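Secondary and tertiary structure notes
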Amino acid sequence: MSQEIKTIKIEDLVLWTENPRDPISPTATDQDVVNRAVSDPNIKWELNKLAREMGEYYDYSELPIVVYKKGKPIVYDGNRRIVLAKIKLGYVKVDNLSVLLPDVPDELPCNVCSEDIALKSIYRKHVLLRNTWSPLERDIFASKYLGEDKSIFLRFDEATGGFITDNPEMNQGFVRKEILTESLLNSMGFELDGEHLKTRHSDEEANTILSDLLNIIKNKQITTRVNRGNPISVLPQRSKEIIEDNKRKSLKTYHPIQHMVEANDDQPASSHQRKTPITRKNKRTFFGEKLILKSGDVNNLYSDILALSDFVTSNKKAFSPNIYSIFRMSLRLLCETASKSLGYDDIKDYIKAFFADAKKKLSQDDKTFLSEQNITQDTLPQLFHTGAHNYQSSTSADKAIAISIILGAILRESHGK
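What counts as what
- Residues numbered from 1 in each chain as written.
- Predicted model: local features only at pLDDT ≥ 70, side-chain atom pairs only at ≥ 80, totals over all residues.
- Heavy atoms only, no water.
- Helix = DSSP H or I, 4+ residues; strand = E, 2+ residues; numbered from the N terminus.
- Buried < 20%, exposed > 50% of the residue type's maximum accessible area, 1.4 Å probe, protein only.
- Contact = heavy atoms within 4.5 Å.
- Areas by Shrake-Rupley, 256 points an atom, 1.4 Å probe, with all protein chains shown as cover.
- Pairing = 2+ DSSP bridges.
- Axes fitted to C-alpha atoms, helices over the stretch in contact; angles between N-to-C directions.
- Parallel < 35°, antiparallel > 145°, perpendicular 65-115°, else oblique.
- Left-handed = near helix turned anticlockwise from the far one by under 90°.
- Phe/Tyr/Trp six-rings, centres within 6.5 Å; stacked < 30°, edge-to-face > 60°.
- Patch = residues over 30% accessible without salt bridge, like charges linked within 9 Å, V, L, I, M, F, W, Y side chains within 5 Å.
- Salt bridge = Lys/Arg side-chain N within 4 Å of Asp/Glu carboxyl O.

Turning our eyes to something else, we now look at the overall build of the protein chain. When you go through the protein chain residue by residue, the secondary structure sums to 17 helices and 8 strands. Each of the 417 residues in the protein chain was classed as buried or not, and the buried ones make up 49%. Of the contacts made within the protein chain by residues no fewer than 6 positions apart, 71% connect residues no fewer than 24 positions apart. Just so you have it, the protein chain exposes about 20900 Å², and 46% of that area is on carbon and sulfur atoms.

To summarise the sheet geometry, strands pair through backbone hydrogen bonds and adopt either a parallel or an antiparallel arrangement. As summarised here, the arrangement of the 5 strands in space is 1-5-3-4-2, forming an open sheet in which the pairing is mixed. Each edge of the open sheet is held by one strand with a lone partner, namely strand 1 (4-9) and strand 2 (14-15). Relative to strand 5 (residues 107-112), strand 1 runs antiparallel, the two sharing 6 bridges. When the bridges of strand 5 are listed, Ile8 appears paired with Leu108.

Turning to the packing of helix 10 (residues 203-218) against helix 11 (residues 237-245), a few remarks are in order. Each packed pair of helices is defined by two parameters, the angle between the axes and the distance between the axes. Two elements in contact, helix 10 and helix 11, have axes whose closest approach is 9 Å; the angle formed by their N-to-C orientations is 135 degrees. The angle between the axes of helix 10 and helix 11 places the two elements in the oblique class. Once helix 10 is placed against helix 11, the crossing between them reads as left-handed. Along the contact surface, helix 10 presents Glu205, Thr208, Ile209 and Asp212, while helix 11 presents Arg238, Ser239, Ile242 and Ile243.

To describe a pair of aromatic rings, one takes the distance between the centres and the angle between the planes. All told, the structure shown has 13 aromatic pairs when counted by the stated rule. Seen from their ring centres, Phe141 and Tyr145 are 5.1 Å apart, and the 50 degrees between their planes marks the pair as tilted. With Phe141 and Tyr145 both in helix 5 (residues 135-145), this residue pair falls 4 residues apart, about one helical turn. One exposure class covers both Phe141 and Tyr145, and it is buried. Put simply, the rings of Trp16, Tyr76, Tyr123, Trp133, Phe141 and Tyr145 pair up and form one aromatic cluster.

Before going further, it helps to examine a nonpolar patch on the surface. Together, Leu308, Phe311 and Ile326 make up a nonpolar patch on the protein surface, roughly 260 Å² of accessible area in all. With respect to the secondary-structure elements, Ile326 resides in helix 13 (residues 323-341).

Okay, the environment of Asp357 next. Note on placement: Asp357 falls in helix 14 (residues 347-360). Taking the C-alpha atoms as reference points, Asp357 and Ile410, separated by 53 residues in sequence, lie 8.0 Å from one another.

In structure tokens, the structure reads:
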């Protein structure tokens with residue numbers, strides 16, 4: 001199909017749920033996509049910034065790319081602009097977008113084409129010309145839509161349960177090209193075998209090496225200008241000794257460990273001189289302190305979720321990171337059950353009624369943790385929503401635990417004995 005300029009009503013345009021910027025559930029509605037864009041947990045949409053850049057009126061110089069699928073015009077490129085247009089015209093509801101939106105007509109000229117042309121155009125625009133995507137986003141798009149083989153970078157992320165996804169410092173071009181390469185991974189005792197990561201180390205030892213690798217990148221001990229292409233020389237002694245001691249051991253499949261040792265901003269990685277690898281345990285548990293709730297469905301659900309979290313913690317190797325998607329769905333169910341038991345029709349109203357008092361009673365450490373996870377009274381309803389639809393962000397353990405902590409505090413206020 002050749003490209004064709006057609007005028008389409010903004011009301012009829014459908015936002016692309018598989019947008020490489022921030023894909024969500026294929027069954028999500030326009031309102032779901034807009035909610036996601038406004039809450040912007042991964043800082044991918046930046047609607048306020050775009051609205052300021054656009055100014056007073058909608059700019060026609062760049063047309064949305066649209067593909068008709070099952071009779072519906074899907075916006076493959078230009079979703080951020082269409083989100084702003086739908087908000088401006090009232091086709092979706094938004095409570096907390098505090099910026100002047102550009103004026104926009106009821107319909108817009110669009111570049112209507114086949115999916116093949118749309119995908120090639122998007123790749124050309126965002127990768128070849130502007131380079132607006134991260135290396136991992138580029139690799140995911142190329143594999144999923146352009147038929148390219150999965151890169152080592154992408155396979156490594158998947159095999160480690162999202163080590164690159166969860167640590168933006170790893171999602172850099174020089175890391176992709178010069179550190180997470182086949183030869184350097186082999187020299188550190190790792191080898192990609194299809195979709196699996198093999199290692200000569202125990203899972204805990206492998207976790208230590210990967211955490212130290214993250215540290216030296218985060219602390220800029222290795223960059224495009226410093227120690228380039230030689231990460232092993234910069235690794236702390238403990239990781240060097242692990243690599244040396246295990247270099248003749250046979251390969252076995254690596255099982256990702258949830259809660260990898262995090263990069264320590266206060267202490268350079270080079271100061272670690274221990275041979276025995278150390279795993280920093282996450283002291284936070286689901287719901288924080290133990291809850292004493294009134295008997296009934298709310299207490300039963302809380303007890304079941306807590307028991308499941310204790311079992312997962314004791315048997316981590318038996319579960320993938322996707323277990324936290326299940327936790328997020330369960331937390332949404334618990335919140336809805338608590339809300340309905342008090343006569344609230346919407347969890348937003350239930351959260352609004354108890355959030356402020358609940359947060360006041362949390363420790364400063366827990367308050368800081370919630371802030372780090374971008375959990376506020378406004379974002380919490382959307383986080384429950386995205387968690388219940390198995391979006392990619394639902395696999396974050398820290399996000400699930402943070403949500404459970406504030407929900408636990410709310411339950412203490414609303415259903416505590």
